[in-house]
Amino acid sequence: MRYPLTRHRYSTRTSNAARLLLISITIAGLCFLPFLVRSFARTNAHKATPNLQQQVPAARLSDSISVQAAGRGNPTINLSDGHDLLISYNGPADLCAALEQNLAEPRSLASADFDEDGVPDLVGGYAYNGQGIVTLLRGNVDSNYPNAPEAQQRRANGTFTNAPFLSPAQVFAASVGADFIGAGDFDGDSHWDVVAAERGGQFLTLLSGDGRGGFEAPKTIGLSGKLTVMSTGEVNRADGLTDLVVGVDTSHGPEVLVFEGPNGALSEPPEVLPMPGAVSTLVLGQLDNGYEMDLAVGAGERLEVVHGRDRKLSLPSEQQQRVLPAQIETHVLSASIKSLVIGDFTPAHGQSLAVLTADGQVRVVGSSATSRSGATPTSRRSGWQERSVANTDFQAMRLVRAKASSLPGDDLLIIDANDQLRLVAGAAQDAVAQTTTLDTTGQPIALLPMRLNGDALTDLVVLQKGQSAPGVMVTAPAQTFVVNSTADTNDGACTATTNGCTLREAINAANNNFGADTINFNIPGSTFTITLSNFLPQLTGTVTIDGTTQPGFQGTPIIELNGNGGAFPGLFINSNNCLIRGLVINRFNGAAITGLISGQVVEGNYLGVNVAGNAAL
């Protein structure tokens, strides 16, 4: 590349070496200039969205109880009482004041990693004075990983908080009340965005994310009718981009609009699906044996299942035109449908529908194990079966799928207008499901399951009428067993005496205890290798095995499970929602971890390598 000639005031006596040095410095400066400019730009960009982890006051939980949950449903359910977050707000002064004075009406919740730090954040939707408010609370990494070196440092200097979110909440204006809110990359720029909508409104509001926890000015997307419901997720062929589905009432009848596209859901016109009645609820998931994601629609008493297909939206238009219309299957219920969720609610542990109807019944609608077995990927759900799992009153408003219990399958939460939540656990069992009532101080408006602590179960975030700040309920272990020995023995007991609990004994104790348990480590000495002589017991109950609890942990695993060449696996998981963290598992002729069932979390382990993580074993 040629540069314009530049005049230099060099003395004719300047040495060649000095000239070469000056020329080298000049060239290096020119090369480094773009990086300086980029760094300056980033610095100024971040001034608009400050690093909230470094500023704070940190959020904390209130002392008062907003949801009565502790001790209810034990031992299979072990939730803490709900406590509201004590937070400040940062944004437009009038909107912050409305939130601080509880004048903004809470409407909706959603979650995604908006600041791209690896920890899910929380967005809340509100209505106030004819407009909408969206709040953003950054997730707190210390809540999920309290033993990380950074968390240990914050604990030492007094800035540690176990609250799952950080203060202040960022506040953004929306053009309409956010009765519905969803998170996804709707504009195709690889950053999480927010879409909000008002019931009865005729447009969507898009807040495009910047990847740093900020949003651009709201944009509106018009709809063909008045919105009745909105849902987000994957539909048809999964492509990693969140799709958007809405129900609308138009001048020519009810419709479902499906927004999806290879450049973001809102980059393409929606597919229009006429419906037989007003659309009250939508849910996305996999309901047949095809790989595409399906859509279930509640329209009056009719349950419409729109089977997923590949619309070939990334291909030329002539190929898109050859795609067949959507196949829609109808199931008629005995009462109007109020809410739908998809999850593991049958003994066969396939995906099925849970349906809340206007008569207060909660039904599971799905196919039997025999009708699904041997079916082809294109087979449709013709042999549907229906059974009741809960009987509520007419004040039940909405269903939410969660996983807060240690029972097999997913749980159901029923949002009730009578100042309570009902948790239905064990719907996937042949036995009668367990229903637990959680009393709230106000009418629950929105409920969101999130993973907010160190186990693999979901915790709960709730918005209540008359209270702007969300409340939080987290799961807790039924019992904690502490491994304090590297021996591989079993005397039938796990005790706190010296060398009183081996890993084998701790697993047996957890298996014999009802509820979700935790296994921690506190082995004396400087070497933490457990050499196994035989199979460890299978994990037959929900359990968290956390090697990061061992004193001396500094960010990499130090608890080693040595198989000594044995022809057996390191850990065999035969239960749901177990978590394995912070272990080194090596020298097994079998798999390091096997038998994985639904809901498992395996993170921060070294598998098949040495403790240093730099050599295969």
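For the structure, check the block above.
Cut-off values and rules
- Residues numbered from 1 in each chain as written.
- Predicted model: local features only at pLDDT ≥ 70, side-chain atom pairs only at ≥ 80, totals over all residues.
- Heavy atoms only, no water.
- Buried < 20%, exposed > 50% of the residue type's maximum accessible area, 1.4 Å probe, protein only.
- Helix = DSSP H or I, 4+ residues; strand = E, 2+ residues; numbered from the N terminus.
- Pairing = 2+ DSSP bridges.
- Right-handed = clockwise from strand over helix to strand, strands pointing away.
- Disulfide = S-S within 2.5 Å.
- Patch = residues over 30% accessible without salt bridge, like charges linked within 9 Å, V, L, I, M, F, W, Y side chains within 5 Å.
- Areas by Shrake-Rupley, 256 points an atom, 1.4 Å probe, with all protein chains shown as cover.
- Salt bridge = Lys/Arg side-chain N within 4 Å of Asp/Glu carboxyl O.
- Core = buried A, V, L, I, M, F, W, Y, C linked by side-chain atoms within 4.5 Å.
- Contact = heavy atoms within 4.5 Å.

(A) Representation of the pairing of strand β32 (residues 480-483) in the model. Here β32 shows one buried face, formed by Phe-481 and Val-483, and one open face, formed by Thr-480 and Val-482. With four bridges connecting them, β32 and strand β33 (residues 517-521) associate as parallel partners. Paired with Thr-480 across the two strands is Thr-518, which belongs to β33. A crossover connection joins β32 to the parallel β33 through helix α7 (residues 503-511); in handedness this β-α-β unit is right-handed.

(B) Structural detail: the sheet that holds strand β25 (residues 396-402). The five strands lie next to each other as β2-β28-β27-β26-β25, forming an open sheet whose pairing is antiparallel. Each edge of the sheet is formed by a strand with only one pairing partner; in this case those strands are β2 (67-68) and β25.

(C) Layout of the state of the cysteines. Counted according to the given criterion, the structure contains one disulfide. Residue Cys-494 pairs covalently with Cys-501 via a disulfide, S to S 2.0 Å. Between Cys-494 and Cys-501, the disulfide has an S-S torsion of -90° and is therefore left-handed. What makes Cys-494 partly exposed here is its relative accessible area of 23%. A residue is classified by how much of its surface remains accessible, and Cys-501, at 0% relative accessible area, is buried.

(D) View of the sheet that holds strand β42 (residues 606-607). Strand order across the open sheet formed by four strands is β34-β36-β39-β42, with parallel pairing between neighbours. The open sheet is flanked by β34 (529-531) and β42, the only strands paired with a single partner. Relative to strand β39 (residues 583-588), strand β36 (residues 559-566) is paired through five bridges, and the arrangement is parallel. Of the residues in β39, the one forming a bridge with Leu-561 is Ile-585.

(E) Summary view of a nonpolar patch on the surface. A cluster of nonpolar side chains, namely Leu-596, Val-602 and Leu-607, defines an oily patch on the protein surface of about 250 Å² accessible area. Along the chain, Val-602 falls in strand β41 (residues 601-603). Judged by its relative accessible area of 38%, Val-602 is partly exposed.

(F) Structural detail: the nonpolar core. If you look at the biggest cluster of nonpolar residues, it comprises 32 residues, and the most contacted ones within it are Leu-503, Ile-519, Phe-521, Ile-545, Leu-561, Leu-571 and Leu-583. Put simply, the parts of the chain that give this core at least two residues each are β32, α7, β33, β35 (543-546), β36 and β39. Counting residues per element, this core draws most heavily on α7, at five residues. Sequence-distant contacts of Phe-521, that is, excluding residues within four places in its chain, are made with Val-482, Val-483, Leu-503, Ile-530, Ile-545, Asp-546, Gly-547, Thr-549, Gln-550, Pro-551, Ile-559 and Leu-583. In terms of nonpolar packing, the next biggest core, distinct from the first, is built from 31 residues, Phe-180, Val-235, Ala-265 and Val-279 among them.

(G) Summary view of the pattern of salt bridges. Overall, the coordinates contain 22 salt bridges when judged by the stated rule. Among the salt bridges present, the one from Lys-219 reaches Glu-216, with a minimum N-O distance of 3.7 Å. Here Glu-216 falls in the partly exposed class, since its relative accessible area comes to 43%. Between Arg-363 and Asp-359 there is a salt bridge, and its shortest N-O distance comes to 3.3 Å. Given a relative accessible area of 8%, Arg-363 falls into the buried group. Through salt bridges with shared partners, one network takes in Glu-260, Glu-271, Arg-309 and Arg-311.

It is worth stressing that arrangement in space is one thing and function is another; only the former is reported here.
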